[in-house]
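# Report on the structure
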Amino acid sequence: MPADRFPVEVQGRTLELSNLDKVLYPAAGFTKGEVIDYYTRVAPVLLPHLQDRALTRIRYPNGVAGNSFFEKNAPAATPSWVRVETLPAPGSTKGRETIDYVVADDLPTLVWLANLAALELHTPQWKIGAHPDLMVVDLDPGPPATLRQCCEVALPLRDRLAADGVDAYPKTSGKKGMQLCCPISGDRPADEVSAYARRIAQELEREHPKLIVSKMAKNLRPGKVFIDWSQNNAAKTTVAPYSLRAEQIPSVSTPLTWDEVEAGAAGQRPSARPYPAGEVLDRIEQHGDLLAPLLHGGPPLPV
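Along each chain, numbering runs from 1 in the same order as the chain's sequence is written. Confidence filtering applies because this is a predicted model: local features only for residues at pLDDT of at least 70, side-chain atom pairs given and counted only at 80 or more, and all residues used for totals across whole chains, interfaces and linings. To obtain the side-chain values, all non-hydrogen atoms of the structure were included, while hydrogens and water were left out.

### A short note on the packing of helix 3 (residues 147–163) against helix 5 (residues 258–265)
Between two packed helices, what matters for the description is the angle formed by their axes and the separation of those axes. Stated formally: Lines fitted to C-alpha atoms define the axes here, with helix axes fitted over just the stretch in contact, and angles between the N-to-C directions of these axes take values from 0 to 180 degrees. In this text, helices come from DSSP runs of H or I with a minimum length of four residues, and strands from runs of E with a minimum of two, each type numbered from the N-terminal end. The scheme is simple: roughly parallel for angles under 35 degrees, roughly antiparallel for over 145, roughly perpendicular for 65 to 115, oblique for anything else. What makes a crossing left-handed is the near helix being turned counterclockwise from the far one by less than a right angle; a clockwise turn instead makes it right-handed. Any two residues whose heavy atoms approach within 4.5 Å at even a single point are treated as in contact.
Where helix 3 contacts helix 5, the axes come no closer than 7 Å and their chain directions differ by 125°. One finds that helix 3 runs oblique with respect to helix 5. Note on packing geometry: the crossing formed by helix 3 with helix 5 is left-handed. Within the contact between the two elements, helix 3 uses Arg-148, Cys-151, Glu-152, Ala-154, Leu-155 and Arg-158 and helix 5 uses Trp-258, Val-261, Glu-262, Gly-264 and Ala-265.

### Concerning the sheet that holds strand 10 (residues 134–141)
The line we're drawing: By this definition, two strands are paired if DSSP reports at least two bridges between them.
Reading across from one edge, 11-12-10-14-13 is the order of the five strands in this open sheet, with mixed pairing throughout. Across the chains shown, the open sheet's two edge strands, defined by having one partner strand only, are strand 11 (169–172) and strand 13 (212–213). As paired strands, strand 13 and strand 14 (residues 225–228) are joined by two bridges and run parallel to one another. Looking across to strand 14, one finds that Ile-212 is bridged to Val-225.

### Here's the deal with the side chain of Arg-57
What counts is decided by this rule: For every residue, the accessible area obtained with a 1.4 Å probe (protein chains only) is divided by the maximum for its type, and the residue is called buried under 20%, exposed over 50%, and partly exposed between those limits. Polar contacts, as used here, are pairs of N or O atoms within 3.5 Å; protein pairs need one atom able to donate a hydrogen and one able to accept it. Residues neighboring in sequence count only if both atoms are side-chain atoms.
As for its position among the elements, Arg-57 is in strand 5 (residues 56–59). The buried category is assigned to Arg-57, whose relative accessible area is 0%. A polar contact of 3.1 Å, which involves the side chain of Arg-57, links it to the backbone oxygen of Lys-72. A polar side-chain atom of Arg-57 sits 2.9 Å from the main-chain carbonyl oxygen of Asn-73. Contact partners of Arg-57, with chain neighbours within four places excluded, come to Phe-69, Phe-70, Glu-71, Lys-72, Asn-73, Ala-74, Pro-75, Val-102, Leu-113, Ala-118, Glu-120 and Leu-121.

The values are spatial; any link to function lies outside them.
Structural data, given as structure tokens:
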């Protein structure tokens, strides 16, 4: 076996890890070994959010400064013990009728993916064979708007959803924006969930026209926050909580407290910023999983 490859055992599964010293985040000197370590340590809070969901990966074999590729299909050398689910592929750009999705239900699968430099993990709002049990609203700032303006929008959005009995839980995207994640009952198809999110976005745009835009046209976005209701389309995915992002630093899609969002809206740093991997692990020790309520279902959406 080459010197840069060696077998490890993870929960009874044997994996071959490779190139652990390869730097995947050059600006931070963060190596593939550190990526695997991060995903191993964050697994107890990450895996419940991945369970039973078809996983899309973005792989960076030569690090965040190199080329990347989206991967939905299970790769050719997928171990036999990795869970793979064959699902319809509506709107596939490659004309496929089905896709063999990896489902990351356990730590060995997560370590295997990290070893493939699958830095970013994205999931749909539905579990396999079910209607969406999550509604996700993405807040995307159009420059010069920033994460601070996203926090400003998140507050009235939270309150409007609460008026319908829907609880919202905030997280950073790990890049420039943030998302509000709402547990729902899972008895409505994706198009109805998306239509509800769109209606709320349009309502808030009318109330805050200088801050919020609900239309996708990019020429409308400068200085405003786009409330992207389309994340609830059945074919869309959202970056998973605790996933790394391919930024200069190993930033993470990080759950926030509403106190932090309020501080971010007031311009009080360091609330409104991307959090790096090490700090996220510290936050988990302090807070636990702030998004644990997403795992237990929620109310039906209003008609």
